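Listed below, chain by chain, are the residues.
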Amino acid sequence: MERRRPRTPPARPLVLIVDGHDDTRDLYAVALPSFGFETVTVDDGVHAFQRAWETHPDIIVTEVSHSRLDDWHVVEDLKRDPRTRDIPIIVLTGHAEPSVRERADREGCAALLVKPCLPEHLADALREHLGRTPV
C-alpha cells in the first residue's frame with residue numbers, strides 16, 4: 001500500500017523546490033524552515049518526479065527558464081500524472097512577459113513569481129496557496 005501525506009496541510013508543510021541554480025535552492029532550503037516549512041530540493045525535472053513520488057510534497061516550487069524548454073514539460077507532466085496532479089505548483093522565473101504568465105495559467109499553476117524572489121515573498125505565496133495566513 002502506498003503511503004501518502006494527508007491532503008490537509010500538516011503543521012509544517014513540505015515544499016519541493018526544483019531549481020537548477022545551487023544558490024537559489026540553498027537560499028530557500030535554509031530560509032523557508034524559519035517560516036514554518038519543511039523543504040526538499042532537486043536540481044532538475046527528472047529528479048522532481050522521483051522526489052515528488054517519494055515525499056508527496058504539499059506544494060512544488062519550480063523554476064522555468066526560456067533557455068531550458070523542458071522546464072514547461074516538467075510542469076505539464078506533473079499536472080498530468082495522477083500521483084502529482086493535485087499538488088499546487090508555484091513557478092519561479094526570471095521572465096515576466098505576459099506570455100509566461102499566460103502559460104503558467106494555462107498549465108494550471110497556482111502562481112508565478114518573478115526572480116529574484118525573496119524567501120519571505122515565497123513564504124507568503126506558499127501560505128496563500130496552502131490556505132494559511134502569514135505568521
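Cut-off values and rules
Residues numbered from 1 in each chain as written. Predicted model: local features only at pLDDT ≥ 70, side-chain atom pairs only at ≥ 80, totals over all residues. Heavy atoms only, no water. Pairing = 2+ DSSP bridges. Helix = DSSP H or I, 4+ residues; strand = E, 2+ residues; numbered from the N terminus. Axes fitted to C-alpha atoms, helices over the stretch in contact; angles between N-to-C directions. Contact = heavy atoms within 4.5 Å. Core = buried A, V, L, I, M, F, W, Y, C linked by side-chain atoms within 4.5 Å. Buried < 20%, exposed > 50% of the residue type's maximum accessible area, 1.4 Å probe, protein only. Polar contact = N/O pair within 3.5 Å; in protein donor to acceptor, adjacent residues only side chain to side chain. Phe/Tyr/Trp six-rings, centres within 6.5 Å; stacked < 30°, edge-to-face > 60°.

A. Structural view of the sheet that holds strand β1 (residues 14-18). Taken in spatial order, the five strands make up an open sheet running β2-β1-β3-β4-β5, and their pairing is parallel. Two strands close off the open sheet at either side, each with one partner strand: β2 (38-42) and β5 (111-114). This sheet shows a mean twist of 20° between the axes of neighbouring strands, independent of strand direction. When β1 meets strand β3 (residues 59-64), the two strands line up parallel, connected through four bridges. The residue of β3 that forms the bridge with I17 is V61. Lying over the sheet, helix α1 (residues 22-31) contacts β1, β2 and β4 (89-93), oriented at roughly 165° with respect to β2.

B. Structural view of the nonpolar core. The biggest cluster of nonpolar side chains holds 21 residues, and the ones touching the most others in it are L16, I60, W72, I89, V91 and C109. Contributing elements (two or more residues each) for this core: β1, β2, α2 (45-55), β3, α3 (70-80), β4 and α4 (98-106). The element best represented in this core is α3, accounting for four residues. Not counting residues up to four positions away in its chain, the partners in contact with I89 are I60, T62, V75, L78, K79, C109, A110 and A111. Judged by nonpolar contacts, the second largest core, of 17 residues, contains V61, L92, A111 and L113.

C. Spatial organisation of the pairing of β4. Counting buried residues along β4, five of its five residues qualify, which places the element largely inside the surrounding structure. Note: β3 against β4, five bridges, orientation parallel. Along β4, the bridge assignment pairs V61 with I90. Bridging between β4 and β5 involves four bridges; their strand directions are parallel. Counterpart to I90 in the pairing with β5 is A111.

D. Looking closely at the side chain of R127. By secondary structure assignment, the location of R127 is in helix α5 (residues 119-129). In terms of polar contacts, R127 uses its side chain to reach the side chain of D124, at 3.2 Å.

E. A look at the packing of aromatic side chains. Under the defined criterion, the tally for this structure stands at one aromatic pair. For the ring pair F49 and W53, a centre distance of 5.8 Å and an interplane angle of 35° mean the geometry is tilted. Separated by four residues within a single helix, F49 and W53 lie in helix α2, roughly one turn from each other. Overall, F49 belongs to the buried group, its relative accessible area being 14%.

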